[in-house]
Amino acid sequence: MADDMQILERRDARATPHLEQYAPVWLVDQRMVAEDDAVLFNVVFQHHLYGWVNRRYKFDAFNDVLYHMGQTSVGEDDALELQESDPWIPATVADIPNSYGG
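Residues numbered from 1 in each chain as written. Predicted model: local features only at pLDDT ≥ 70, side-chain atom pairs only at ≥ 80, totals over all residues. Heavy atoms only, no water.

Participant: I would appreciate a short explanation of the overall build of the protein chain in the present structure.
Facilitator: Along its length, the protein chain carries 2 helices and 4 strands. When burial is assessed residue by residue, the protein chain has 32% of its 102 residues classed as buried. A fraction of 48% describes how many contacts in the protein chain between residues 6 or more apart in sequence connect residues 24 or more apart. As presented, the protein chain carries roughly 6200 Å² of accessible surface, and 49% of it is formed by carbon and sulfur atoms. (Helix = DSSP H or I, 4+ residues; strand = E, 2+ residues; numbered from the N terminus. Buried < 20%, exposed > 50% of the residue type's maximum accessible area, 1.4 Å probe, protein only. Contact = heavy atoms within 4.5 Å. Areas by Shrake-Rupley, 256 points an atom, 1.4 Å probe, with all protein chains shown as cover.)

Participant: Any chance you could explain the side chain of D60 here in plain terms?
Facilitator: Tracing the sequence through the fold places D60 in strand 3 (residues 51-60). At 5.8 Å, K58 is the nearest oppositely charged side chain to D60, a buried residue that forms no salt bridge. Discounting chain neighbours no more than four positions away, the residues touching D60 are D36, D37, A38, V65 and Y67. (Lys, Arg positive; Asp, Glu negative; His and termini not counted. Salt bridge = Lys/Arg side-chain N within 4 Å of Asp/Glu carboxyl O.)

Participant: Help me out: how do you make sense of the nonpolar core in this one?
Facilitator: Most often, soluble globular proteins keep nonpolar side chains buried together rather than apart. L19, V25, V39, F41, V43, F45 and F59 are the most contacted members of the largest nonpolar core, which has 16 residues in total. If sequence neighbours within four positions are ignored, V39 has contacts with I7, L8, R11, Q30, R31, M32, Y57, K58 and F59. W26, V44, V74 and L82 belong to the second-largest nonpolar core, a separate cluster that totals 6 residues. (Core = buried A, V, L, I, M, F, W, Y, C linked by side-chain atoms within 4.5 Å.)

In structure tokens:
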């Protein structure tokens, strides 16, 4: 079994390249699932088709796989409040029109 820090480092290495296209991205929740060597986490960002979304992911450290577990819409007021904090993945250049559609 990997320790929590190793799992989070591996999650970051797998999730960051995928999520960079949506930057800025805020990490709003994470929960370790020790018996599965996994972490469940939620991120919030502005999607160019769906507006502000809260996406849930599962990173399976044993298999080194990132699973998309669904998304919900986020209200503008909640998004504005979230933007007062620093993002988990900052945007170097806003490129929402050219991001992946999924």
